[in-house]
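# An overview of the molecular structure
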Amino acid sequence: MATTNKIIVVEKTPGTHIDYALSSGKKITFGDDELTINLATRERDYEVSLDICIDEEDGVVIGTGGKAQKYAAQIIIPARRYDVIEDGEDEEGNPREIPVPIPFDMSLCTLILWGLEV
């Protein structure tokens, strides 16, 4: 399955939203090249949620701690999906199944945007 350069976008609250751009079917960049995240490297066997905030110096950061001031977005990366292939038989003669990860697909991720105060 080929990766796509799309993501599900939900505008949670009205207003001006943080600028973002998608690239290479797995990366998202916020602001004017301020923060780039390779979503494929964040994929796990469970759902992953990343909080994107604006800090006290108007920089873009991951997480809500430290100097984070304004909540800007949230990225939801669904749990890694697997295909199962048969690989011979086990010692009891039963088919042996091996899980094989399905390639990352950005179109299954969700970007939730919150309006930023001016």
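Residues numbered from 1 in each chain as written. Predicted model: local features only at pLDDT ≥ 70, side-chain atom pairs only at ≥ 80, totals over all residues. Heavy atoms only, no water.

## Quick notes on the nonpolar core
Within the largest apolar cluster, 21 residues are counted, with the highest numbers of intra-cluster contacts made by I18, F30, I37, L39, I52 and I75. Of all the secondary-structure elements, those providing two or more residues to this core are β3 (27–30), β4 (35–38), β5 (48–55), β7 (68–77) and β10 (110–113). Beyond its immediate sequence surroundings of up to four residues, I37 is in contact with K26, K27, I28, F30, R42, L50, I52, I62 and I75. (Core = buried A, V, L, I, M, F, W, Y, C linked by side-chain atoms within 4.5 Å. Buried < 20%, exposed > 50% of the residue type's maximum accessible area, 1.4 Å probe, protein only. Helix = DSSP H or I, 4+ residues; strand = E, 2+ residues; numbered from the N terminus. Contact = heavy atoms within 4.5 Å.)

## A word on the sheet that holds β3
Strand order in the open sheet formed by three strands is β2-β3-β4, with antiparallel pairing between adjacent strands. In this open sheet, the two edge strands, each paired with only one partner strand, are β2 (20–23) and β4. Strand after strand, the sheet turns through a mean of 20 degrees between neighbouring axes, direction not considered. Relative to β4, β3 is paired through four bridges, and the arrangement is antiparallel. Bridge pairing links I28 to I37 in β4. (Pairing = 2+ DSSP bridges. Axes fitted to C-alpha atoms, helices over the stretch in contact; angles between N-to-C directions.)

## Concerning unusual backbone geometry
Peptide bonds are trans in most cases, and residues, glycine excluded, mostly fall at negative phi. Its identity as a non-glycine residue notwithstanding, S24 has a phi of 55 degrees, on the positive side. In this fold, S24 is placed in the loop between β2 and β3.

## As for the pairing of β10
Across the two faces of β10 the burial is the same, with T110 and I112 and L111 and L113 all buried. Taken together, the four bridges between strand β1 (residues 8–11) and β10 define a ladder with parallel strand orientation. The partner of V9 across the bridge, within β10, is L111. In this structure, β7 lies alongside β10, joined through four bridges in antiparallel fashion. Looking across to β10, one finds that A73 is bridged to L113.

## Here's the deal with the pattern of salt bridges
This structure, assessed with the given rule, holds two salt bridges. The salt bridge partner of E43 is R80, with a shortest N-O separation of 3.7 Å. Of the two residues, E43 sits in the loop between α1 (39–42) and β5 while R80 sits in the loop between β7 and β8 (82–89), which places them 37 residues apart along the sequence. Overall, the relative accessible area of 9% leaves E43 in the buried class. A salt bridge links R80 to D45, with the shortest nitrogen-to-oxygen separation between them at 3.3 Å. Of the two residues, R80 sits in the loop between β7 and β8 while D45 sits in the loop between α1 and β5, which places them 35 residues apart along the sequence. Judged by relative accessible area, which is 26%, R80 ranks as partly exposed. (Salt bridge = Lys/Arg side-chain N within 4 Å of Asp/Glu carboxyl O.)

## Here we look at a nonpolar patch on the surface
A cluster of nonpolar side chains, namely I85, I98 and V100, defines an oily patch on the protein surface of about 200 Å² accessible area. Within the secondary structure, V100 is located in strand β9 (residues 95–101). (Patch = residues over 30% accessible without salt bridge, like charges linked within 9 Å, V, L, I, M, F, W, Y side chains within 5 Å. Areas by Shrake-Rupley, 256 points an atom, 1.4 Å probe, with all protein chains shown as cover.)

## Section: a negative patch on the surface
Among the surface-exposed residues, D19, D32, D33, E34, E56, E57 and D58 lie close enough to one another that they form a single negatively charged patch. Residue position: E34 is located in the loop between β3 and β4. (Lys, Arg positive; Asp, Glu negative; His and termini not counted. Charge placed at Lys NZ, Arg CZ, Asp CG, Glu CD.)

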